[in-house]
Amino acid sequence: MFLGIDIGTSGSKGVLTDADGTILARSERPHEVSMPRPGWVEHDAESVWWADFVAIARELVEAADGARLEGLGISGIGPCLLPADAQGNPLRPAILYGVDTRATAEIAELAAELGEKAVLRRSGSPLTSQAVGPKLRWLARHEPDVYARTRMLLMASSYLVHRMTGRYVLDHQSASQCVPMYDLSKREWADWAEHCAPGLPLPELAWPTEVVGRVTAEGAAATGLPEGLPVTTGTVDAWAEAASVGVRAPGDAMVMYGTTMFLVQILNRPRPHPGLWGTCGAWPETYSLAAGMATSGAVTDWLRRLVGGEFGDLIAAAGTVPAGSRGLLMLPYFAGERTPLFDPDARGIVAGLTTSHGRAELYRAALEATGYGVRHNLEAMSDAGGRARRLVAVGGGTKGGLWTQIVSDVTGLPQELPAETVGACLGDALLAAEAAGVDTSDWNPVTSIIEPDADRQAIYDQYYRRYRELYESTADIAHFLAAEQHRTAKHG
């Protein structure tokens, strides 16, 4: 049997599987982020990451009922910054990925010092709020005492691997998101990493399918896991989730439907693009392009709370509305936008509203808006030379059928639906199984395929063109309104 445990933004999940990939037991724990100041998003590593991990591990070990465990895989949100001392003790709460925007000044400084083109060429990604390098500089500037004591750069997965094995190691995929500290073409820490984090010892690098240690006696006592259990390197949750649904060959792409929309496409070589994140893949022979919308399910949840009703009722009502939502067009930038715009001050817009429109049209317009956003990102990937040939849909938003159908209609691409969409924890178990020499090619088979409708696709082609124009023609207005929102929030 194999264990996989994932630490997410709003909850943690774990699975126990057999060698065929059958899920034998599941466990889940909800948690929340801390937002102590505007633009700050944090997790406490001890009370969130460690507490969830221990609870899930104990529950799954009990479910194993004495059966032999062969491996443990761990993933988590990333890229994150958890500064720790030489023993791995956290020195402050972890600074989360691109949703934490505190290091804006440091992003601009590093871009000026190193050169934007040089960073993109060597690191594969532009400097954005997703990057770890600027956050390290922010730490050194604003919390110098913490930085002076920092001897480890940890993320969710590597923190837990250290707690279990004592090893200070990070997987290449996570490291490649420590922009600009990792050289993507050489697959090693870049020589200018010292410029970003002077004096900081960087972790050893390994691949997610490598066993990097075994559960220590101390780790076993805390979690109930057997002492000596092999532990793989771990990785960022989205790449573990891609692994869970067989997205691993060049041209494969995962579309993850959730609170935000996230895409991972597999490549056979780096293809940097200024509007995307270029990284290593989960396997040594792969690279990837990644994209993320700032909101997707968050907008539909906002609408549900605004107009009332349950998701099932809203989906059913939206399903009766024709493509184009009877002349409505929405920009889904309710929290700014990540790729490919990298515009934190973009804002949501609903164009074409009349008194004859109701919640059904608004809900469908929101689903269509995320479809346009997915198409925009897929076109950026194609522009970079990484055209997607196979889409696999995952996440809670795949349930109900309407959302995934709209995305296929908007993009003109079919989407495969796997048997299990439990998430990254299944991918963790799969990577642990591969490290043990297990053939995982038959794990989590495809059970259905969503085909695009040609008539609706023709309608959406017209709307998509206006979607792109709407952002370009209203960006100045959106930026003015965003500035007003920042000003009024600051002054009450």
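Criteria and thresholds
- Residues numbered from 1 in each chain as written.
- Predicted model: local features only at pLDDT ≥ 70, side-chain atom pairs only at ≥ 80, totals over all residues.
- Heavy atoms only, no water.
- Phe/Tyr/Trp six-rings, centres within 6.5 Å; stacked < 30°, edge-to-face > 60°.
- Helix = DSSP H or I, 4+ residues; strand = E, 2+ residues; numbered from the N terminus.
- Pairing = 2+ DSSP bridges.
- Axes fitted to C-alpha atoms, helices over the stretch in contact; angles between N-to-C directions.
- 1 Å grid on protein atoms, 1.4 Å probe; cavity = no way out; pocket = protein on both sides within 12 Å on 5 of 7 lines; lining within 4 Å.
- Points joined across faces, edges and corners; volume = space filled by probe spheres on them.
- Nonpolar A, V, L, I, M, F, W, Y, C, P; charged D, E, K, R; others polar.
- Buried < 20%, exposed > 50% of the residue type's maximum accessible area, 1.4 Å probe, protein only.
- Salt bridge = Lys/Arg side-chain N within 4 Å of Asp/Glu carboxyl O.

Asker: Would you take a moment to explain the packing of aromatic side chains for this structure?
Answerer: Here a ring pair, both rings aromatic, is described through the centre-centre distance and the interplanar angle of the planes. Tallied over the entire structure, the rule returns 15 aromatic pairs. Between Tyr182 and Trp189 the ring centres are 6.2 Å apart and the planes differ by 85 degrees, which places this aromatic pair in the edge-to-face class. When the centroid spacing of 6.1 Å and the interplanar angle of 15 degrees are considered together, the rings of Phe262 and Trp277 count as stacked. With a gap of 15 residues between them, Phe262 in strand β17 (residues 261–267) and Trp277 in strand β18 (residues 277–280) connect regions that are remote in the sequence.

Asker: When you look at the sheet that holds β18 in this model, what are you seeing that I'm missing?
Answerer: Strands in a sheet are paired, the pairing made by backbone hydrogen bonds, and the direction either parallel or antiparallel. If you trace the seven strands from one edge of the open sheet to the other, you get β18-β19-β17-β16-β22-β23-β24, paired in mixed fashion. Looking along the sheet, the strands with just one partner apiece sit at the ends: β18 and β24 (446–450). Within the sheet, the average angular offset between the axes of one strand and its neighbour, ignoring direction, is 25 degrees. Bridge analysis of strand β16 (residues 252–257) against strand β22 (residues 390–394) gives five bridges, and the strand direction is parallel. From the neighbouring strand, Val255 faces β22, where its bridge partner is Ala393.

Asker: Would you mind showing me how to read empty space enclosed by the protein here?
Answerer: Here the idea is plain: a probe the size of a water molecule rolls over the atoms and shows the empty space left. Scanning the model with the defined rule gives two cavities of 30 Å³ or more in all. Taken together, Ser125, Pro126, Thr128, Gln130, Ala131, Ser176, Gln177, Val179, Trp277, Gly278 and Thr279 make up the full set of residues lining the largest cavity. Of the residues assigned to the lining of the largest cavity, the class counts are four nonpolar, seven polar and no charged. Here the second largest cavity is characterised by a volume of approximately 40 Å³. Lining the second largest cavity are Gly124, Leu184, Leu267, Arg269, Pro270, Arg271, Pro272, Gly278, Thr279, Tyr287, Ser288 and Leu289. The class makeup of the residues in the lining of the second largest cavity is six nonpolar, four polar and two charged.

Asker: What's the story with unusual backbone geometry in this structure? I'm lost.
Answerer: Leaving glycine aside, a negative phi is the common case for residues, and trans is the common case for peptide bonds. Cis geometry marks the peptide bond from Gly78 to Pro79, where omega comes out at 0 degrees. Structurally, Pro79 is set in the loop between β5 (71–76) and β6 (82–84). Here Thr339 and Pro340 are connected by a cis peptide whose omega angle stands at -10 degrees. With respect to the helices and strands, the residue Pro340 is situated in the loop between β20 (329–331) and β21 (349–351). Positive phi is not limited to glycine here, since Ser325 has a value of about 55 degrees. If you trace the backbone, Ser325 turns up in the loop between α12 (311–319) and β20. Look at Ser325 and you get buried, because its relative accessible area is 0%.

Asker: Looking at this structure, I do not really get the pattern of salt bridges. What am I missing?
Answerer: Opposite charge on two side chains allows them to pair when their charged atoms are near. In total, this model carries 27 salt bridges according to the counting rule given. For Asp252, the salt bridge goes to Arg390, with nearest N and O atoms at 3.0 Å. Of this pair, Asp252 sits in strand β16 while Arg390 sits in strand β22, and the two are 138 residues apart along the sequence. For Asp252, a relative accessible area of 8% puts it in the buried group. For Arg390, a relative accessible area of 23% gives the class partly exposed. Close ionic contact of Asp409 with Arg456 constitutes a salt bridge, the shortest N to O distance being 2.6 Å. Note that Asp409 is positioned in helix α14 (residues 402–411) and Arg456 in helix α16 (residues 454–491), a separation of 47 residues in sequence. Taken together, the shared-partner salt bridges in this structure form one network comprising Glu42, Arg92, Asp100, Arg102 and Glu143.

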